[in-house]
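These are the residues of each chain, in order.
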Amino acid sequence: MSTSRAINITQPTGSKSSESSEHKKWDNLNLPSFDELPEFNDLKGCAWSVWGKGDQLGTINLLTNDVVQEAARQVKTGQTVCLNWPLNFPEKPAFSRKPFDVAIIAPSPTASWRDDEITINTQAGSQWDGLRHCGIAAHGVFYQNTPATDIKLGGIKTPDPLNVDPELIKYGIHNWAQHGICGRGVFLDLVRYFTRNGAALPYDPWTPHSISVADLEACAKDQGVEFKQADILLIRMGFTKRYYESSQAEKDKLATSGESFAGVEQSEEMKRFLWNNHFAAVASDQPAFERWPPVEWEKLMHQTIIGLWGMPIGEIFDLEKLSEVCAATGRHTFFFTSWPLNILGGCASPPNAAVSTSLDFCTNWAI
């Protein structure tokens, strides 16, 4: 046990100011632009001071009660769409991650009950990358300038829920799980945008193609999407569609041929786009969200988005049905909810995400 005061998990463990008298009204007047953020050594755009010393929520701070209440007005029909790919896929994950496994157990084949036991790498399939997932490699630190050595390897033992070592679980995914990632979702369907007139998708989602800011802004304009502060941005780039259309041999090769995926470009312009729109979280259907492998490892977007901003990155979200629903309704905003696994000190989690649509369905679309 460290010398830090033990905590009671029945009390919030995230931002110390999340609902206290210190709580800030996060509006455009007090959020700096990307170019106004201080530098961290050689990296531009460090937001640690924005959220305050000791913060463990990052951009999830933007999802205030007022923001969630306003976003809930998007619900009109009650129709919901699941955004989680089954945990079973991909059967052979990229990045050498352990495949998901589920075993059905009982004392005998004739027993009248069943349990199941699962084995999971939380980043093998649909996932949120948490604050413990990626830091700033060149400087050996994670979010809030936390030395990498402070995040210990191995098991996390917390036998007493009323007496937990806060240093043992600091910056864990449980902070987002206990807060919730709920707000207005906005959807950029790049696949449908690029192929809307019968054209072929101008890139292969399984190659290192860079999605530019111009691509995202053109898609948003075509869909009539206007961003608001604290939006949760979802981008369909085509990984899941490509997966469904591929042969089994191609699927299997994903895990052995070296990771190569389309994603947002690694550029200062992209950082400005993501920060200056003040998204609460970003996600896509791709395995890395950003182009992989990076053109230059020093420009890896994960270290800025997670390490400097504290912003969740969602990967391998299942956006196929959402694409159909948004195309049918002509609306690309909705009420978004996500409740990650409440794992004390966890690095990542399946998103447990869904949306509720905001307009009655067109009569020519069948569920």
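Reading the values: rules and limits
- Residues numbered from 1 in each chain as written.
- Predicted model: local features only at pLDDT ≥ 70, side-chain atom pairs only at ≥ 80, totals over all residues.
- Heavy atoms only, no water.
- Helix = DSSP H or I, 4+ residues; strand = E, 2+ residues; numbered from the N terminus.
- Buried < 20%, exposed > 50% of the residue type's maximum accessible area, 1.4 Å probe, protein only.
- Contact = heavy atoms within 4.5 Å.
- Areas by Shrake-Rupley, 256 points an atom, 1.4 Å probe, with all protein chains shown as cover.
- 1 Å grid on protein atoms, 1.4 Å probe; cavity = no way out; pocket = protein on both sides within 12 Å on 5 of 7 lines; lining within 4 Å.
- Points joined across faces, edges and corners; volume = space filled by probe spheres on them.
- Nonpolar A, V, L, I, M, F, W, Y, C, P; charged D, E, K, R; others polar.
- Axes fitted to C-alpha atoms, helices over the stretch in contact; angles between N-to-C directions.
- Pairing = 2+ DSSP bridges.
- Core = buried A, V, L, I, M, F, W, Y, C linked by side-chain atoms within 4.5 Å.
- Patch = residues over 30% accessible without salt bridge, like charges linked within 9 Å, V, L, I, M, F, W, Y side chains within 5 Å.
- Salt bridge = Lys/Arg side-chain N within 4 Å of Asp/Glu carboxyl O.

Draft legend 1. Local environment of the overall build of the protein chain. Each helix and strand counted, the protein chain has 11 helices and 15 strands in total. Taking all 367 residues of the protein chain together, 51% fall into the buried category. Within the protein chain, residue pairs in contact and separated by at least 24 positions form 81% of the contacts whose partners lie at least 6 positions apart. Working note: accessible area of the protein chain is about 17,000 Å², and carbon and sulfur atoms make up 51% of it.

Draft legend 2. Broad picture of the layout of surface pockets. The volume enclosed by the second largest pocket comes to roughly 310 Å³. As for the second largest pocket, its lining consists of 16 residues, and the residues nearest its centre are Asp42, Leu43, Glu298, Lys299 and Gln303. Within the lining of the second largest pocket, the residues separate by chemical class into 6 nonpolar, 4 polar and 6 charged.

Draft legend 3. Region of interest: the packing of helix 6 (residues 213–223) against helix 9 (residues 268–276). Their axes nearest at 9 Å, the elements helix 6 and helix 9 cross at an angle of 35°. From helix 6, Val213, Leu216 and Glu217 reach across to helix 9, where they touch Glu269, Met270 and Phe273. Partitioning the contact of helix 6 with helix 9 into residue classes produces 4 nonpolar, no polar and 2 charged.

Draft legend 4. Fine view of the sheet that holds strand 12 (residues 313–315). Taken together, 9 strands build an open sheet; the order of strands is 1-15-13-7-9-11-12-4-14 and the sheet is mixed. Looking at which strands have only one partner, the edges of the open sheet turn out to be strand 1 (80–82) and strand 14 (348–349). As defined by bridge partners, strand 7 (residues 183–189) adjoins strand 9 (residues 232–236) across 5 bridges and the pair is classed as parallel. Across the sheet, residue Phe187 finds its bridge partner in strand 9, namely Leu234. Packed on one face of the sheet, helix 6 meets strand 7 and strand 9 and runs near 105° to strand 7.

Draft legend 5. The arrangement of the nonpolar core in detail. Counting 84 residues, the largest nonpolar core has Leu83, Leu234, Leu274, Trp309, Leu322 and Phe336 as the members making the most contacts within it. If we ignore the near neighbours within four places in the chain, the residues touching Leu274 are Leu233, Phe279, Val282, Phe289, Met301, Ile305, Trp309 and Met311.

Draft legend 6. Seen up close, a nonpolar patch on the surface. The grouping of Leu87, Val102, Ile104, Ile118 and Ile120 at the surface amounts to a nonpolar patch, some 410 Å² of accessible area in total. Positionally, Val102 belongs in strand 2 (residues 101–105). According to the relative accessible area criterion, Val102 is partly exposed, its value standing at 37%.

Draft legend 7. Broad picture of the pattern of salt bridges. What the rule picks out here adds up to 12 salt bridges. Close ionic contact of Glu70 with Arg73 constitutes a salt bridge, the shortest N to O distance being 2.3 Å. We note a salt bridge from Lys92 to Asp252, for which the minimum N-O separation is 3.8 Å. Here the residue Lys92 occupies a position in the loop between strand 1 and strand 2, and Asp252 occupies one in helix 8 (residues 248–253), the gap between them amounting to 160 residues. Residue classification places Lys92 among the partly exposed positions, given a relative accessible area of 38%.

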